[in-house]
Amino acid sequence: GALLQRLRRGWRRGVYNEHVPVNLREALYLKQEQQAKSIGLLSHEVSRLGTRLRLSRRELKPRLRQMESQLGLQVDALTSLDRRANQLELELIQLQSQLGTLADSSSQQFMVLSKSLIQLKGTIREQQDGLSDLVAAAGRRGAL
């Protein structure tokens, strides 16, 4: 659109050289030179950035390898710890089961012992009552 308007203005003024306005031809030539300079600067900048990128990669490769090896060691250690934790969990479950069994058997033994003590106390009372009856009966016989 803008180029056509310039052409029309130039046509009206009669400022043409080989069917293109002189000012427009100069403007296009200047634009082309500016673009060539810009392209040259940008390509140089891209080249510098590429060099910096290669150097950065070279610097970071040993660090990355070191981090990878450390990560591998950490993974191995964590795997070992996880296995140990699972083993300890199983041992804990077994110990809890054994403690539950011991508690049940202890409570059963306590119940048996308490029943035995109650029976023993009953037997001792009966014998004491029987003994006191004998003493009382012997005291009555001696009084006769």
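Residues numbered from 1 in each chain as written. Predicted model: local features only at pLDDT ≥ 70, side-chain atom pairs only at ≥ 80, totals over all residues. Heavy atoms only, no water.

So, the overall build of the chain
Worth spelling out the cut-off: Put simply, DSSP marks the helices as runs of H or I at least four residues long and the strands as runs of E at least two long, and each gets a number from the N terminus on. Buried, partly exposed and exposed residues are distinguished by accessible area as a fraction of the type maximum, computed with a 1.4 Å probe on protein chains only: under 20%, between the cut-offs, and over 50%, respectively. Only the protein chains shown count as covering a residue, and every accessible area follows the Shrake-Rupley method with a 1.4 Å probe.
What the chain contains, in helices and strands, is two helices and two strands. If you list the helices and strands of the chain from N to C, you get α-β-β-α. Sorting the 144 residues of the chain into buried and exposed places 2% on the buried side. As displayed, the chain has an accessible area near 13600 Å², and 59% of this comes from carbon and sulfur atoms.

Digging into the pattern of salt bridges
For clarity, the threshold we go by: The term salt bridge refers to a pairing of a side-chain nitrogen on Lys or Arg with a carboxyl oxygen on Asp or Glu at a separation within 4 Å.
As enumerated under the stated definition, the model contains one salt bridge in all. Across the pair Arg48 and Glu45 runs a salt bridge, and its minimum N-O distance is 3.2 Å. In this pair, Arg48 and Glu45 are both assigned in helix 2 (residues 22–143), three residues apart and thus about one turn of the helix distant. Assessed through its relative accessible area of 33%, Glu45 is described here as partly exposed.

Quick word on a positive patch on the surface
Convention followed: Patch building starts from residues that exceed 30% relative accessible area and form no salt bridge, then joins like charges within 9 Å and nonpolar side chains (Val, Leu, Ile, Met, Phe, Trp, Tyr) within 5 Å. Counted as positive: Lys and Arg. Counted as negative: Asp and Glu. His and the chain ends are not counted at all. Taken as the charge location is NZ of Lys, CZ of Arg, CG of Asp or CD of Glu.
Residues Arg54, Arg57, Arg58, Lys61 and Arg65 make up a contiguous surface patch of positive charge. Assignment of secondary structure puts Lys61 in helix 2.

With respect to the confidence of the model for the chain
The condition that has to hold: Known as pLDDT, the predictor's confidence for each residue is given on a scale from 0 to 100.
The share of residues in the chain with pLDDT of 70 or more is 82%, and the mean pLDDT across the chain is 85. By mean pLDDT, strand 1 (residues 16–17) is the weakest element of the chain at 50, and helix 2 is the strongest at 90.

Re a nonpolar patch on the surface
A contiguous nonpolar surface patch, about 300 Å² in accessible area, is contributed by Leu60, Leu64 and Met67. Structurally, the position occupied by Leu60 is in helix 2.

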